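A look at the structure
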Amino acid sequence: MKGFFGKLLRINVTNRSHIVEEIPEEIFKTYLGGKGLGSYLLLENVKIGIDPLSEDNKLIFVAGPATGTGMWGSSRYGVGWDSQGRPKTSELVHHGI
């Protein structure tokens, strides 16, 4: 699972700052791949019912564990965000690019 490098980069575009955080190995074992990691980060960091256009909403870019290898299709990445304020029925958006 070291294809993720175990790091999370949080960028605050409002005040032009950033923080690098370690992601526990257990998260990678529980939430497989870039989409799994993106879903985990959204569920942990975005409040239920948030205004989708709020500055508190998150835009998350994730790469899968095969990114950077010679495997076919490994150059893809995912983008995730909460598009509808997540009422009780979750509507998270993921696009693989």
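Here's what I pulled together on the structure shown here. Please read all numbers here as calculations on a predicted model, not as lab measurements.

Our focus in this paragraph is the overall build of the protein chain. In terms of regular secondary structure, the protein chain is built from two helices and five strands. Each helix and strand of the protein chain, ordered N terminal to C terminal, gives the series β-β-α-α-β-β-β. Per-residue burial for the protein chain yields a buried fraction of 29% across its 97 residues. Expressed as a percentage of contacts within the protein chain between residues at least 6 apart in sequence, the contacts between residues at least 24 apart total 37%. Summed over its atoms, the accessible surface of the protein chain is roughly 7,000 Å², and 58% of this surface lies on carbon and sulfur atoms.

Across all of its chains, the model carries one aromatic pair by this definition. The interplanar angle of 40° and the centroid separation of 4.9 Å between the aromatic rings of Y31 and Y40 together place this pair among those described as tilted. Overall, the relative accessible area of 18% leaves Y40 in the buried class.

Turning our attention to helix 2 (residues 33–45). If you check helix 2, its first and last C-alpha atoms are 18 Å apart, about what 13 residues at 1.5 Å a residue would give, namely 18 Å. Among the residues of helix 2, those classed as buried are G33, G34, G36, L37, G38, Y40, L41 and L42.

Structurally, the position occupied by G80 is in strand 4 (residues 77–82). When the C-alpha positions of G80 and K58 are compared, they lie 8.3 Å apart, and in sequence the two are 22 residues distant.

On to the nonpolar core, then. By size, the foremost hydrophobic cluster in this structure holds 12 residues: L8, I23, I27, F28, L37, Y40, L41, L42, V46, I50, I60 and V62. Sorting the residues of this core by element identifies helix 1 (25–30), helix 2 and strand 3 (59–63) as the ones contributing at least two each. Element by element, the count of residues in this core is highest for helix 2, at four residues.

Let's shift gears to the pairing of strand 2 (residues 17–22). Here strand 2 lies mainly on the outside; zero of its six residues are buried. With six bridges joining them, strand 1 (residues 7–12) and strand 2 adopt antiparallel strand pairing. When the bridges of strand 2 are listed, L8 appears paired with E21.

What counts as what
Numbering of residues starts from 1 in each chain and follows the order in which that chain's sequence is written. Local features are withheld for residues below a pLDDT of 70 in this predicted model, meaning they are given only at 70 or higher, and side-chain atom pairs are given and counted only at 80 or more; totals for whole chains, interfaces and linings count all residues. The side-chain numbers reported here are obtained from all heavy atoms of the structure, hydrogens and water having been left aside. Each helix is a run of DSSP H or I of at least 4 residues and each strand a run of E of at least 2, with the numbering of both proceeding from the N terminus. Type-normalised accessible area, obtained with a 1.4 Å probe on protein chains alone, sets the label of each residue: buried when under 20%, exposed when over 50%, and partly exposed for intermediate values. Two residues qualify as a contact provided that any one of their heavy atoms is within 4.5 Å of a heavy atom in the partner residue. Surface accessibility follows the Shrake-Rupley procedure with a 1.4 Å probe radius. Residue values consider only the protein chains on display as shielding. Two aromatic rings, drawn from Phe, Tyr or Trp (for Trp, its six-membered ring), form a pair once their centres lie within 6.5 Å of each other, and the interplanar angle then sorts them: stacked below 30 degrees, edge-to-face above 60, tilted otherwise. Take the number of residues in a helix, subtract one, and multiply by 1.5 Å to get its expected span. Take the buried residues of types Ala, Val, Leu, Ile, Met, Phe, Trp, Tyr and Cys, join any two whose side-chain atoms come within 4.5 Å, and each joined set is a nonpolar core. In this analysis, strands are considered paired if DSSP registers two or more bridges between them.

By themselves, these observations are geometric and do not establish any function.
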